[in-house]
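Survey of secondary and tertiary structure
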Amino acid sequence: MDIYLLNDSGRTNSTFEEHKLLCKEIPEILESKYPEYYIKGSEGNGNRTSYPWICIMDKSITRSPQKGLYVAILFQRNMEGFYITLNQGITYFKDTFKNKAYDRAQEAASYFRKDIEINDAVDSIDLNSYKSDNGYGFEKTTVIGNYFKKGEYTKEKLYEVLKDYMDLYKEAIEMSSEEIYFDEDTYRIVFSINFFGT
């Protein structure tokens, strides 16, 4: 992804190589492996993001990383590496909890995280973000993630970890009959399924 850093125009352009890679080539590879999912890559909408992403989403849950639960590939701002993560959309939390959105999102993430076992997974990710940008939002809504440093992983390892996350995602979807609600007395999320506003 070094090519991503070479474009300093600040605008997206569908003719650029990094756009083709993020928004077409990688999603098509993933679609061939997971055809039942909606897969989208983005480098921003008009204005170019410093944190490009590719999301794998269950069509019955969400088609946007702004809401629901999904698997994401999130790139660091300096392009030194990327994460495969299980992530939550922040829009539900912002709409419901306002300035407590990130606190509640992290609380929900803790609920999901407690029974997850994936080798080398971390509870929080570092995209080298600034607090005011969308990278910070991705960091704060991550349930769990695995880091891949540039030049230090194999394609086989990447697909192995991705499969772990897809299996985890399927398990979470099977739990979706439960409800999430907010206890006004304790100011806590009591039960955290239902994919947050979908």
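Preceding this paragraph is the structure being described.
Described in the following lines is the structure provided in the data block. (Residues numbered from 1 in each chain as written. Predicted model: local features only at pLDDT ≥ 70, side-chain atom pairs only at ≥ 80, totals over all residues. Heavy atoms only, no water.)

With respect to the overall build of the protein chain
Helices and strands together make up the secondary structure of the protein chain, namely 6 helices and 7 strands. Along the protein chain, helices and strands appear, N-terminal first, in the series α-α-β-β-β-β-α-α-α-β-α-β-β. Here the protein chain holds 198 residues, and 46% of them are scored as buried. Roughly 10,400 Å² of accessible area belongs to the protein chain as shown, and the carbon and sulfur atoms make up 46% of that amount. (Helix = DSSP H or I, 4+ residues; strand = E, 2+ residues; numbered from the N terminus. Buried < 20%, exposed > 50% of the residue type's maximum accessible area, 1.4 Å probe, protein only. Areas by Shrake-Rupley, 256 points an atom, 1.4 Å probe, with all protein chains shown as cover.)

Some details on the nonpolar core
Counting 45 residues, the largest nonpolar core has Val71, Ile84, Leu86 and Tyr169 as the members making the most contacts within it. Those elements giving two or more residues to this core turn out to be helix H2 (17-33), strand S1 (37-45), strand S2 (47-58), strand S3 (69-75), strand S4 (81-88), helix H4 (101-113), strand S5 (142-149) and helix H6 (155-174). With residues near it in sequence (within four places) discarded, Val71 still touches Ile54, Cys55, Ile56, Ile84, Thr85, Leu86, Leu162, Tyr165, Met166 and Tyr169. Counting 7 residues, the second largest nonpolar core, distinct from the first, contains Ile90, Tyr92, Phe93 and Ala101. (Core = buried A, V, L, I, M, F, W, Y, C linked by side-chain atoms within 4.5 Å. Contact = heavy atoms within 4.5 Å.)

Regarding the packing of aromatic side chains
Considering all chains together, one arrives at 9 aromatic pairs under this definition. Relative to Tyr147, the ring of Tyr83 has its centre 4.8 Å away and its plane inclined at 45°; by these criteria the two rings are tilted. Pair noted here: Tyr83 is in strand S4 and Tyr147 is in strand S5, with a separation of 64 residues, a long-range link. The class for Tyr83 is buried, based on a relative accessible area of 7%. Taken together, the aromatic side chains of Phe75, Phe82, Phe148 and Tyr153 make up a single cluster linked through ring pairs. Above the ring of Tyr159, the side-chain terminus of Lys33 is found at 4.2 Å from the ring centroid. One cation-aromatic arrangement involves Arg63 over Tyr38; the distance from NZ or CZ to the ring centre is 5.0 Å. (Phe/Tyr/Trp six-rings, centres within 6.5 Å; stacked < 30°, edge-to-face > 60°. Lys NZ or Arg CZ within 6 Å of the ring centre and 35° of its normal.)

Digging into the pairing of S3
With 7 of 7 residues buried, S3 is to be regarded as a mostly interior element. Here S3 shows a buried face lined by Leu69, Val71, Ile73 and Phe75 and a second buried face lined by Tyr70, Ala72 and Leu74. Relative to S3, S2 runs antiparallel, the two being bridged by 4 bridges. Each residue of the ladder has a partner; that of Ile54, found in S3, is Ile73. Between the antiparallel neighbours S3 and S4 lie 5 residues, among them Met79 with a positive phi of about 60°. (Pairing = 2+ DSSP bridges.)

A look at the side chain of Glu18
Looking at where Glu18 falls in the secondary structure, it is placed in helix H2. Judged by its relative accessible area of 4%, Glu18 falls in the buried class. Polar side-chain contacts of Glu18 include one of 3.5 Å to the side chain of Arg48. With residues up to four places along the chain from it excluded, the contact list for Glu18 reads Ile3, Tyr4, Asn7, Glu43 and Arg48. (Polar contact = N/O pair within 3.5 Å; in protein donor to acceptor, adjacent residues only side chain to side chain.)

Brief notes about the environment of Gly151
Within the secondary structure, Gly151 is located in the loop between S5 and H6. When the C-alpha atoms of Gly151 and Glu80 are compared, they prove to be 9.0 Å apart, with 71 residues separating the residues in sequence.

Here we look at the pattern of salt bridges
Inspection of the entire model under this criterion finds 10 salt bridges. The partner of Asp123 in a salt bridge is Arg113, with the nearest N and O atoms 3.6 Å apart. Residue Asp123 is located in the loop between H4 and helix H5 (134-141), and its partner Arg113 is located in helix H4; the two are separated by 10 residues in the primary sequence. Given a relative accessible area of 46%, Asp123 falls into the partly exposed group. On the basis of relative accessibility, which here comes to 17%, the residue Arg113 falls in the buried class. Salt bridges sharing partners connect three or more residues here, namely Glu18, Glu43 and Arg48. (Salt bridge = Lys/Arg side-chain N within 4 Å of Asp/Glu carboxyl O.)

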